[in-house]
Amino acid sequence: MRISSSLSRPRGVRPSRSKAARPLVALLIAAVALPMAGCARNRASKGDLPYVARDVGTLYSAAREKLDQRQYKVAAALFDEVERQHPYSVWARRAQLMGAFSNYLAKSYTEAIQGAQRFLSVHPGNRDAPYAYYLIAMSYYEQISDVTRDQKISVQAQDALGELTRRYPNTRYAADARLKIDLVRDHLAGKEMEVGRFYERRGQWLAATMRFRKVVDDYQTTTHTPEALMRLTETYLALGVREEARRSAAVLGANYPETDWYKRAFDLLGENPVMPVKPLAPGEQVVPQLTVPAPAAAPRTEVEVLPVEDAPTPRAEAPGAPTPATTTGGAGATPAGNAPSSATPTGVQPGTPPAPPQDQ
């Protein structure tokens, strides 16, 4: 069965029309390809170099040339390319450190620290290991900000510099590290003083005392120690601990007698002399016990006595009538509840029985 050729395209559409639509398709493909090319160009500009196989000497020389031209990011990318294409070459080990150094010059301190740490993890006993430690410490040191900001980087720089001096104390890098440790410690002490002065301005004397005390105890070789001792004198006087204020001023005068801080502390003590405490007598309580006075007695008021009405005159009874008994007082009891009378009825002698009643 033969299939008509008219089924291969819609009816009423000429072949010339399809040929005319081909340029439009080409334009659409070009429009889509341009952003992709731009993305590829942006990735390449960020340091991702295309892989082009070259010998180690050519790569290393090109990286050094870019470094001399102060194109530090390009030089770091070329040094990384040396390590990627020739990982087992002698120049690859050198290129790791040079790449970290190039990132340090480009102020990409995070990449510089990572490159130096990678070198130490692969070659811990290399003769260039002290320089790698020094590069890590300097990368932290260059990021130290002013005392109003967080000082986490300063602590990391102090730790890195201390690690270098402990591991390699006799190298030339350790001598520079000791000087920078003093500068970092002075910076950390300045941060404590800044916080302590802030608390002192707000009247939080105890919090300020803790900050100034930390400077005296942990950073006593820095330039902030005289001011810290004078501030301690101020805060102790504000807290009422005059003896501690006198001790702080005495330490200040013994170590820094020619400073203005000692003069200010001396003037403060003169305005607030130490008051001696009276000794307690034997048996005297430190905190006297308060005695509560007894409440005053209420005034006595006279009770008004109401007049008593005249009692009714009792009716006279016939003599010799027996006293009636009550139910409440028992037999022989009187209506008022008194004891029975000892009087005998009239006509009855004591000891004589009563006469029997006569018959009617």
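This text gives an overview of the structure that appears in the document.

### Things to note about the packing of aromatic side chains
Phase 1: Following the criterion strictly, the structure yields eight aromatic pairs and no others.
Phase 2: Seen in terms of ring centroids, Tyr 133 and Tyr 168 are 6.0 Å apart; in terms of plane orientation they differ by 50°. Their pairing is tilted. Taken as a pair, Tyr 133 in helix 6 (residues 129–141) and Tyr 168 in the loop between helix 7 (152–167) and helix 8 (172–201) lie far apart in primary sequence, 35 residues in all.
Phase 3: Here Tyr 133 falls in the buried class, since its relative accessible area comes to 17%.

### What about the environment of Asp 55?
Phase 1: With respect to the helices, strands and loops of the structure, Asp 55 is situated in the loop between helix 1 (15–45) and helix 2 (56–68).
Phase 2: Judged by its relative accessible area of 44%, Asp 55 falls in the partly exposed class.
Phase 3: Separated by 27 residues in sequence, Asp 55 and Val 82 place their C-alpha atoms 8.7 Å apart.

### A look at the side chain of Glu 234
Phase 1: Note on placement: Glu 234 falls in helix 10 (residues 225–239).
Phase 2: You can call Glu 234 buried: its relative accessible area is 19%.
Phase 3: Among residues more than four places away in sequence, those in contact with Glu 234 are Glu 200, Arg 264 and Leu 268.

### Quick notes on a nonpolar patch on the surface
Phase 1: On the surface, Trp 205, Leu 206, Met 210, Leu 239 and Val 241 cluster together to form a nonpolar patch covering roughly 470 Å² of accessible area.
Phase 2: Among the elements that line the nonpolar patch, the one with the most residues is helix 9 (residues 205–218), at three residues.
Phase 3: With respect to the helices, strands and loops of the structure, Trp 205 is situated in helix 9.

### Quick word on the pattern of salt bridges
Phase 1: The tally for this structure, following the rule as stated, stands at 18 salt bridges.
Phase 2: Notably, a salt bridge pairs Lys 214 with Asp 218, separated by 3.0 Å at the nearest N-O pair. Of this pair, Lys 214 and Asp 218 both sit in helix 9, four residues apart, which is roughly one turn of the helix.
Phase 3: A relative accessible area of 37% means that Asp 218 is categorised as partly exposed.
Phase 4: The partner of Arg 231 in a salt bridge is Glu 227, with the nearest N and O atoms 3.4 Å apart. With Arg 231 and Glu 227 both in helix 10, this residue pair falls four residues apart, about one helical turn. Note on accessibility: Arg 231 and Glu 227 belong to one class, buried.
Phase 5: Several salt bridges share partner residues, and in doing so they unite Glu 194, Arg 197, Glu 200, Glu 227, Arg 231, Glu 234 and Arg 264 into one network.

Reading the values: the criteria
Residues numbered from 1 in each chain as written. Predicted model: local features only at pLDDT ≥ 70, side-chain atom pairs only at ≥ 80, totals over all residues. Heavy atoms only, no water. Phe/Tyr/Trp six-rings, centres within 6.5 Å; stacked < 30°, edge-to-face > 60°. Helix = DSSP H or I, 4+ residues; strand = E, 2+ residues; numbered from the N terminus. Buried < 20%, exposed > 50% of the residue type's maximum accessible area, 1.4 Å probe, protein only. Contact = heavy atoms within 4.5 Å. Patch = residues over 30% accessible without salt bridge, like charges linked within 9 Å, V, L, I, M, F, W, Y side chains within 5 Å. Areas by Shrake-Rupley, 256 points an atom, 1.4 Å probe, with all protein chains shown as cover. Salt bridge = Lys/Arg side-chain N within 4 Å of Asp/Glu carboxyl O.

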